[in-house]
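Take a look at the letters that make up each chain.
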Amino acid sequence: MIYVELFFVFFLIGLFTIGGGYAMIPLIEDQVVSRGWLTYEKMLNFFAIAESTPGPFAVNTATLVGFEQGGWLGAFVATLGVILPSFIIILIIAKFIQNFMKYEKFQWALQGVKPIVVGMIAAVVVNLVFKNIFGGLFAFSYFDYIALSIMVIIVVLRWRFKKLNPIYLIIISGLLGMLAYTFFPI
Amino acid sequence: MVANMNKKWELFFTFFKIGLFTFGGGYAMIPLIHHELVEKKQWINDDEMVNMIAIAESTPGVIAVNSATFVGYKIAKFWGGLLATIGVVLPSFIIISLIALFFENFLAIPLVAAAFKGIRAGVVVLILNACLKLYKKSPKTALAYLLMALALGLSLFVDFQYLSFLLIVFGMVVGITSQMIKRKKEIK
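Residues numbered from 1 in each chain as written. Chains lettered and ligands numbered in written order. Predicted model: local features only at pLDDT ≥ 70, side-chain atom pairs only at ≥ 80, totals over all residues.

Enquirer: Before we go on, may I ask you to explain the overall build of chain A in this structure?
Expert: Broken down by element type, chain A carries 7 helices and 0 strands. Counting only C-alpha atoms and orienting by the principal axes, one finds that chain A spans roughly 60 × 40 × 30 Å. The burial tally for chain A puts 54% of its 186 residues in the buried class. Of the contacts formed within chain A by residues at least 6 apart in sequence, a portion of 51% connects residues at least 24 apart. (Helix = DSSP H or I, 4+ residues; strand = E, 2+ residues; numbered from the N terminus. Buried ≥ 20, exposed ≤ 12 C-beta atoms within 10 Å, placed from the backbone. Contact = placed C-beta atoms within 7 Å.)

See the structure below:
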């Protein structure tokens, strides 16, 4: 049953996403890409949509994947799955725990999780840089110098104009891609 | 009772508005929540807001949902939490479903496909940016760097569906035990 699977997978992702929307990317890669629900290309397309539409990144991604796998009902169960862990955990904390921050074991655990999440996302970045430029991690099937150039330009723009909204960076990379890949097909 | 009923729906509409007008996820929502709930409606005060952010950040899950549930519950108990949560999620759900409906046809246009090839390269930089932001918030001890290296190496070379989950649980265990060991040493 695709709906049960969608719910379960996104429930798990919601439960283990610690540190905001982008922290769920390694989990998406593990669970959703490996199930064949997304290719790496599609995953990046979806992230671009999720980033440039209003609302929480995690919810946007869950809705997109869910909709593609199972239409409206798929979108509904995936979204429900990703928000339910948050909802339940926060409800319990708000109801029963007067001063959550004084439970230092949570803070200790978090101090161990943070570096793990950094390492996992760094791995995603390395993987995606290679996939975009060479077609795969340590596989050199082609050399996409346009993708490399766009990445360099966006890196420079991002660090030059720190306040710039990410949506503009997405639009700029889209325009650059549209021009470059149309006139210089690889 | 009537006042309470109104409050629940007010929560729903307020969080609907917050969900509709924030780009960039949970953190981008915080100034808006502050403006709507602390300054305009005065349903929560600054201390409660700070407490809310701390809890939303240090518990698993979607930060926007964590914040909505927490504030909603504080103001109108269970139904407040539920309606605030539905409110914050609903705009995304509607907008994204509509986009998903047309996206594949849209991608079939060659110019759009070319644009998305560029966008995919740009998005990698955004993910890198998120990684650096999380790095800034992460501890910088030798142990933390060891954990980062371990997570990076294993994620790159091991292909296992539940690897990320295992790594996160491992991080929690290491975080707790290392602090306990530190405490014991300090007592001695």
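That shown, we press on.
Enquirer: So what exactly am I meant to see when it comes to the overall build of chain B here?
Expert: A tally of helices and strands in chain B yields 7 helices and 0 strands. Ordering the α and β elements of chain B from the N terminus gives α-α-α-α-α-α-α. In summary, chain B has a C-alpha radius of gyration of 21 Å against a globular reference of 16 Å for 188 residues, an excess of more than 25%. Principal-axis analysis of the C-alpha atoms places the extent of chain B at approximately 60 × 60 × 25 Å. Out of the 188 residues belonging to chain B, those deemed buried represent 43%. (Rg over C-alpha atoms; globule rule 2.2 N^0.38 Å.)

Enquirer: Got a minute to help me understand the domain arrangement of chain B in this structure?
Expert: By a widely used convention, the size of an interface equals the accessible area lost when the partners come together. By domain assignment, chain B separates into domain 1 (2-108) and domain 2 (139-188). The gap between the C-alpha centroids of domain 1 of chain B and domain 2 of chain B is 32 Å. (Domains from an automatic or database assignment.)

Enquirer: Looking at this structure, how should I read the packing of helix α3 (residues 40-52) of chain A against helix α7 (residues 166-183) of chain A?
Expert: Packed helices, taken two at a time, are described by their axes: the angle between them and the distance between them. Residues and elements named next belong to chain A. Two elements in contact, α3 and α7, have axes whose closest approach is 9 Å; the angle formed by their N-to-C orientations is 135°. Judged by the inter-axis angle, α3 sits oblique to α7. Of the two possible hands of crossing, α3 and α7 adopt the one that is left-handed. Contacts between α3 and α7 involve A48, E51 and S52 on the former and, on the latter, P166, I167 and I170. Of the residues belonging to the contact of α3 with α7, the class tally is 4 nonpolar, 1 polar and 1 charged. (Axes fitted to C-alpha atoms, helices over the stretch in contact; angles between N-to-C directions. Parallel < 35°, antiparallel > 145°, perpendicular 65-115°, else oblique. Left-handed = near helix turned anticlockwise from the far one by under 90°. Nonpolar A, V, L, I, M, F, W, Y, C, P; charged D, E, K, R; others polar.)

Enquirer: Before we go on, may I ask you to explain the nonpolar core in this structure?
Expert: Soluble, globular proteins show a tendency: their nonpolar side chains are buried together. Ranked by internal contacts, the top residues of the largest apolar core, which has 117 residues, are A78, V82, V117 and I121 of chain A together with V123 and I127 of chain B. If we skip the residues at most four places from it in the chain, A78 of chain A touches L6, F7, F10, A62, T63, V65 and G66 of chain A. (Core = buried A, V, L, I, M, F, W, Y, C linked by C-beta atoms within 7 Å.)

Enquirer: I tried to follow the interface of chain A and chain B on my own but got confused; where do I start?
Expert: The partner chain B presents 82 residues to the 93 residues of chain A that form the contact. Elements supplying a minimum of two residues to the side of chain A that touches chain B: α1 (2-16), α2 (25-33), α3, α4 (57-96), α5 (104-134), α6 (145-160) and α7 of chain A. Considering each element in turn, the side of chain A that touches chain B owes the most residues, 26 residues, to α5 of chain A. Looking at the side of chain A that touches chain B, its residues break down into 62 nonpolar, 24 polar and 7 charged.

Enquirer: Got a minute to help me understand unusual backbone geometry in this structure?
Expert: The bulk of non-glycine residues show a negative phi, and the bulk of peptide bonds are trans. Residue and element names in this part refer to chain B. A positive phi angle, near 55°, is found at Q42, a position not held by glycine. Locating Q42 in the fold gives a position in the loop between α2 (26-40) and α3 (46-58). The exposure class of Q42 is exposed, given the 8 C-beta atoms found within 10 Å. Backbone geometry at K77 places phi at a positive 55°, although glycine is not the residue there.

Enquirer: Got a minute to help me understand the environment of E51 of chain A in this structure?
Expert: For E51 of chain A, the position within the fold is in helix α3. Note: C-alpha distance between E51 of chain A and I170 of chain A (119 residues apart in sequence) is 8.6 Å.

Enquirer: Hey, could you run me through the environment of E29 of chain A in this one?
Expert: Inspection of the secondary structure puts E29 of chain A in helix α2. Judged by the 22 C-beta atoms lying within 10 Å of it, E29 of chain A falls in the buried class.

Enquirer: Honestly, the environment of V123 of chain B in this entry has me stumped. Any pointers?
Expert: Examined against the element boundaries, V123 of chain B turns out to sit in helix α5 (residues 110-137). Overall, V123 of chain B belongs to the buried group, with 29 C-beta atoms counted inside 10 Å. Once the C-alpha coordinates of V123 of chain B and G175 of chain B are considered, the two residues, 52 residues apart in sequence, prove to be 31 Å apart. Apart from the residues lying within four places of it in its own chain, the contact partners of V123 of chain B are L44, F47, A48 and I170 of chain A.

Enquirer: What should I look at first to understand the packing of α5 of chain A against α5 of chain B in this one?
Expert: Orientation of α5 of chain A relative to α5 of chain B, taken along the N-to-C sense of each, is 160°, at an axis distance of 9 Å. Judged on the interaxial angle alone, α5 of chain B and α5 of chain A are roughly antiparallel. For the crossing formed where α5 of chain A meets α5 of chain B, the hand is left-handed. Within the contact between the two elements, α5 of chain A uses K114, V117, V118, I121, A122, V124, V125, L128, V129 and N132 of chain A and α5 of chain B uses R120, A121, V124, I127, L128, A130, C131, L134, Y135 and K137 of chain B. Class assignment of the residues belonging to the contact of α5 of chain A with α5 of chain B gives a composition of 16 nonpolar, 1 polar and 3 charged.

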